[in-house]
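Per-entry structural report
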Amino acid sequence: AQKVTQAQTEISVVEKEDVTLDCVYETRDTTYYLFWYKQPPSGELVFLIRRNSFDEQNEISGRYSWNFQKSTSSFNFTITASQVVDSAVYFCALSEATLVFGKGTRLSVIA
Amino acid sequence: GAVVSQHPSRVICKSGTSVKIECRSLDFQATTMFWYRQFPKQSLMLMATSNEGSKATYEQGVEKDKFLINHASLTLSTLTVTSAHPEDSSFYICSARSGFQETQYFGPGTRLLVL
């Protein structure tokens, strides 16, 4: 069965600190996709990144970076120099036919 | 990125009435749309998957007669909550994708409050 675990329920950091959100997944499939979504207080889910199982290259987009480690079934997300606007719930998800979401990590960035 | 809209964003209704929520893909054709429900401080729960022109596939425990889903075109899916009760109050979010391996893009959600 597919499963996504986000062990960190809530994280608080002070502005400008770096923060890493953990994501561990389980699947028996060899082809799959991993996602990160951001859900700000307004409620809309904002797509951040998609990774397929054959691409283990790390990715950087501005202050965001992702570390995909197939050997440990992890897809961690790091925000560098966090800002108050980064405060949101972040969901990691695994996809085959449908998306399986983790329970989310609530990030609070304090000014 | 692709844009998905939802209407209404917020609705308050009396118990026993029906409420229709629309989900539209604005700049792409959505072969598949999904409906989720989210309770406060919880993750998203998939309710059903709908493919254009065919009947929706409901997740276990979701009443198909209560949550009617129609996906009549490649850009529009509707969710109708029939005979709504206070326990149906929740945040409903739709998503859409253009192909099996494609990314799901989400709408802004609809907050339903049943009095």
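Residues numbered from 1 in each chain as written. Chains lettered and ligands numbered in written order. Predicted model: local features only at pLDDT ≥ 70, side-chain atom pairs only at ≥ 80, totals over all residues. Heavy atoms only, no water.

Another aspect to go through is the overall build of chain A. Within chain A one finds zero helices and 12 strands. Taking 13 Å as the expected radius of gyration for a compact globule of 111 residues, we find that chain A reaches 13 Å, a close match to that expectation. Counting only C-alpha atoms and orienting by the principal axes, one finds that chain A spans roughly 40 × 25 × 20 Å. A sequence separation of at least 24 residues applies to 54% of the contacts in chain A between residues at least 6 apart. A total of about 5500 Å² of accessible surface is found on chain A, and carbon and sulfur atoms cover 48% of it. When the 10 basic and 13 acidic side-chain charges of chain A are each reduced to a single mean position, those positions are 3 Å apart. (Helix = DSSP H or I, 4+ residues; strand = E, 2+ residues; numbered from the N terminus. Rg over C-alpha atoms; globule rule 2.2 N^0.38 Å. Contact = heavy atoms within 4.5 Å. Areas by Shrake-Rupley, 256 points an atom, 1.4 Å probe, with all protein chains shown as cover. Lys, Arg positive; Asp, Glu negative; His and termini not counted. Charge placed at Lys NZ, Arg CZ, Asp CG, Glu CD.)

This paragraph deals with the state of the cysteines. Under the counting rule described, the total for this entry stands at two disulfides over all chains. Here cysteine 23 of chain A connects covalently by a disulfide to cysteine 92 of chain A, the sulfurs 1.9 Å from one another. The sign of the -65° torsion about the S-S bond sets the cysteine 23 of chain A-cysteine 92 of chain A disulfide as left-handed. Separated by 69 residues along the polypeptide, cysteine 23 of chain A in the loop between β3 (19-21) and β4 (24-26) and cysteine 92 of chain A in strand β10 (residues 88-95) bring together distant segments of the chain. Grouping residues by exposure puts cysteine 23 of chain A and cysteine 92 of chain A together as buried. One disulfide bridge connects cysteine 23 of chain B with cysteine 94 of chain B, the sulfur atoms lying 2.0 Å from each other. For the disulfide bridge between cysteine 23 of chain B and cysteine 94 of chain B, the dihedral angle about the S-S bond is near 80°, and by the sign convention the bridge is right-handed. (Disulfide = S-S within 2.5 Å. Buried < 20%, exposed > 50% of the residue type's maximum accessible area, 1.4 Å probe, protein only.)

With that settled, consider the interface of chain B and chain A. Contacts between chain B and chain A engage 22 residues on the former and 20 residues on the latter. For the pair chain B and chain A, the two sides together bury roughly 1600 Å², of which 53% comes from carbon and sulfur. Counting every contact that joins chain B to chain A gives three residue pairs in polar contact (both at pLDDT 80 or more). Elements represented by at least two residues in the side of chain B that touches chain A include exactly β4 (32-38), β5 (44-51), β9 (90-97) and β10 (105-106) of chain B. A per-class count over the side of chain B that touches chain A returns 10 nonpolar, eight polar and four charged. (Buried area = accessible area lost by both parts, 1.4 Å probe. Polar contact = N/O pair within 3.5 Å; in protein donor to acceptor, adjacent residues only side chain to side chain. Nonpolar A, V, L, I, M, F, W, Y, C, P; charged D, E, K, R; others polar.)

What follows deals with the environment of glycine 99 of chain B. All names here are of chain B. Of note, glycine 99 is situated in the loop between β9 and β10. For glycine 99, a relative accessible area of 16% gives the class buried. The spatial distance from the C-alpha of glycine 99 to the C-alpha of threonine 32 is 7.2 Å, given a sequence separation of 67 residues.

Take a nonpolar patch on the surface next. All names here are of chain B. On the surface, Ile12, Leu113 and Leu115 cluster together into a nonpolar patch covering about 310 Å² of accessible area. Following the sequence through the fold, leucine 115 ends up in the segment after β11 (110-114). For leucine 115, a relative accessible area of 59% translates into the label exposed. (Patch = residues over 30% accessible without salt bridge, like charges linked within 9 Å, V, L, I, M, F, W, Y side chains within 5 Å. Salt bridge = Lys/Arg side-chain N within 4 Å of Asp/Glu carboxyl O.)

Residues and elements named next belong to chain B. Overall, antiparallel pairing links the four strands, which are arranged β1-β3-β8-β7 in an open sheet. The open sheet has two free edges, formed respectively by β1 (4-7) and β7 (67-73), since each of these has just one partner strand. The mean inter-strand angle of the sheet, taken between neighbouring strand axes irrespective of direction, is 15°. Relative to strand β8 (residues 76-81), β7 runs antiparallel, the two sharing five bridges. Bridge pairing links isoleucine 69 to leucine 79 in β8. (Pairing = 2+ DSSP bridges. Axes fitted to C-alpha atoms, helices over the stretch in contact; angles between N-to-C directions.)

Let us now look at the pairing of strand β6 (residues 46-52) of chain A. Here six bridges tie strand β5 (residues 33-39) of chain A to β6 of chain A, and the two strands are oriented antiparallel to one another. Bridged to phenylalanine 35 of chain A within β6 of chain A is arginine 50 of chain A.

This brings us to unusual backbone geometry. Geometrically, the link from histidine 7 of chain B to proline 8 of chain B is a cis peptide bond, its omega value of 0° lying close to zero. The backbone of alanine 81 of chain A shows a phi angle near 50°, a positive value even though the residue is not glycine. By secondary structure assignment, the location of alanine 81 of chain A is in the loop between β9 (74-79) and β10. Taking relative accessible area as the criterion, alanine 81 of chain A reaches 31% and is therefore assigned partly exposed. One non-glycine residue, lysine 41 of chain B, lies in the positive phi region at around 60°. Position of lysine 41 of chain B among the secondary structure elements: in the loop between β4 and β5. Take lysine 41 of chain B: its relative accessible area is 72%, and that puts it in the exposed class.

It is worth stressing that arrangement in space is one thing and function is another; only the former is reported here.
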